[in-house]
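Summary of structural features
One-letter residues, chain by chain:
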Amino acid sequence: DRTVFIWDVKDFKQKEHKSFRVNIEFDHSTFVKWSPDNKAFLIHRDRDCNIEVYKVEKKKDGTLAHATASHTFPKLHKEEVVGMAIACNGKFIMTCSKENDLILWDLKGQVLAKVDTCLLNTFCAKISPCGTFVIASGFAPDAKIWEVSFSKSGEFQDVKRAFELTGHSSGIYDVACNADSSQMVTISKDGTWRLFDTKVEYKKRQDPRLLISGKYNNSGEKALVALSPNGVVVVGLKNALQFFSAQTAVLDYTIDNIYDGVITRVVFDASGRYLLTSGPRHILVFHNVTGYKCDIHSAEQKLKEHQTSATKERLQQIIKDSQAFLNSISK
């Protein structure tokens, strides 16, 4: 409907959820991304197939006053764009179309580099949360990761292949990372997801290590994946969510029919306590119940080991608080 709505996550626990509406003239956005300083947001215009930047003005109390379009990037992609992101350090923007043309931009819309993903058909393209890597997956059974380098003075240097996430027997629909990019999860058309330890010395050609792999209920449709800080892998498939423990690969529970249509995004908030999904007409926010269960399990396992009294007290408090939350929502 040619609109962008901005919400304050502080209102999640409130009965009323206030929003700020921005109208997009003559087009609609397929991607929306905040700038790291929260002073602007980017959209990808569907019909024009390019990036447009909106500057956001705030009132004295911190609430949003208005947003205006400031500038538009050149149109370089000819096919559907499957990924757009801005690095957390604010140094670059990435866009990529299904035709494998991944482009890195500076914040003013100048091209820094172009990369051929060599995936035959690219399904997914992202920037890692740490701002170091660009990730792409598609028709090939391997996800590809590049390192984006800048000089100490902040000037772009180059983009080089870092490593690959391998082991699937078919194309990879989606890739997700934890906050520091030390773990990445892939989900494939072959009906499996794979969790990797990516905290490796890739410059010395050290490969990521597979931590665990699991099977999801695959219906032949495109699947989405998200990874929480406390060890939960969530699969979004059609209009259902599947929650897995990343410690055991066991399916904890499934939520069916959350939309009258298909899920388009799944992502955890920074704390991992909430899972956000987008779909037809609504953004839905879920408690990460599996995450609380994983916290309890992890704390109980650590208590079996030799710990200091302070650590034991902290672990016992985690168990107590997590169990209290689970009890509160089961009533």
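Structural notes, computed from the coordinates. (Residues numbered from 1 in each chain as written. Predicted model: local features only at pLDDT ≥ 70, side-chain atom pairs only at ≥ 80, totals over all residues. Heavy atoms only, no water.)

**Comments concerning the environment of Lys33**
Going by this rule: For the purposes of this entry, the term helix denotes a DSSP run of H or I that reaches at least four residues, the term strand denotes a run of E that reaches at least two, and both are numbered from the N terminus. Working definition: with a 1.4 Å probe on protein chains only, accessible area under 20% of the residue-type maximum means buried, over 50% means exposed, and in between means partly exposed. Throughout, a residue-residue contact means that at least one pair of heavy atoms, one from each residue, lies within 4.5 Å.
By the secondary structure assignment, Lys33 is in strand β3 (residues 29-34). For Lys33, a relative accessible area of 29% puts it in the partly exposed group. For the pair Lys33 and Ala87, spaced 54 residues apart in sequence, the C-alpha to C-alpha distance is 10 Å. If sequence neighbours within four positions are ignored, Lys33 has contacts with Phe41, Leu42, Met84, Ala85 and Ile86.

**So, helix α2 (residues 309-330)**
Going by this rule: Here a helix's expected span is defined as the number of its residues, less one, multiplied by 1.5 Å.
The end-to-end C-alpha distance of α2 is 32 Å, a good match for the 32 Å that 22 residues give at a rise of 1.5 Å each. Buried positions along α2 lie against β25 (282-287) and α1 (289-303).

**Points about the pattern of salt bridges**
Threshold: Salt bridges are defined by distance alone: a side-chain nitrogen of Lys or Arg within 4 Å of a carboxyl oxygen of Asp or Glu.
Here the structure, examined in full by the defined rule, presents 11 salt bridges. As a salt-bridge pair, Asp27 and Arg45 come within 3.7 Å of each other at their nearest N and O atoms. In this pair, Asp27 sits in the loop between β2 (19-23) and β3 while Arg45 sits in strand β4 (residues 40-45), placing the two residues 18 residues apart along the sequence. Residue Asp27 shares its accessibility class with Arg45, and that shared class is buried. Across the pair Arg273 and Asp295 runs a salt bridge whose closest N-O atoms are separated by 2.9 Å. Of the two residues, Arg273 sits in the loop between β23 (265-268) and β24 (274-279) while Asp295 sits in helix α1, which places them 22 residues apart along the sequence. Classification of Arg273 by relative accessible area gives partly exposed; the value is 29%. Residue classification places Asp295 among the buried positions, given a relative accessible area of 15%.

**Quick notes on the sheet that holds strand β8 (residues 93-97)**
Quick note on the threshold: Whether two strands pair comes down to DSSP finding at least two bridges between them. Note on method: axes are straight lines fitted to C-alpha atoms, helices fitted across the in-contact stretch only, with angles between N-to-C directions ranging 0 to 180 degrees.
Pairing is antiparallel across the open sheet formed by four strands, whose spatial order is β7-β8-β9-β10. Of all the strands in the sheet, just β7 (81-86) and β10 (111-116) have a single pairing partner and so form its edges. Ignoring strand direction, the axes of neighbouring strands in this sheet form an average angle of 15 degrees.

**Things to note about the side chain of Thr95**
How we decide: Polar contact is the term for a pair of N or O atoms within 3.5 Å; when the atoms are in protein, one must be able to donate a hydrogen and the other to accept it, and sequence-neighboring residues count only if both atoms are side-chain atoms.
For Thr95, the location among the structural elements is in strand β8. Taking the relative accessible area as the measure of exposure, Thr95 reaches 1% and is therefore buried. One polar contact links Thr95 to Trp105, side chain to side chain, over a distance of 2.9 Å. When sequence neighbours within four positions are dropped, the list of residues in contact with Thr95 reads Ile51, His77, Gly83, Met84, Asp101, Leu102, Ile103 and Trp105.

**Describing the sheet that holds strand β17 (residues 192-197)**
A sheet is described by the order of its strands in space; here four strands give the open sequence β15-β16-β17-β18, paired in antiparallel fashion. Two strands close off the open sheet at either side, each with one partner strand: β15 (172-177) and β18 (209-215). Going from strand to strand, the sheet's axes swing by 20 degrees on average, the running direction of each strand aside. As paired elements, β15 and strand β16 (residues 183-188) share five bridges and run antiparallel to each other. Paired with Asp174 across the two strands is Ile187, which belongs to β16.

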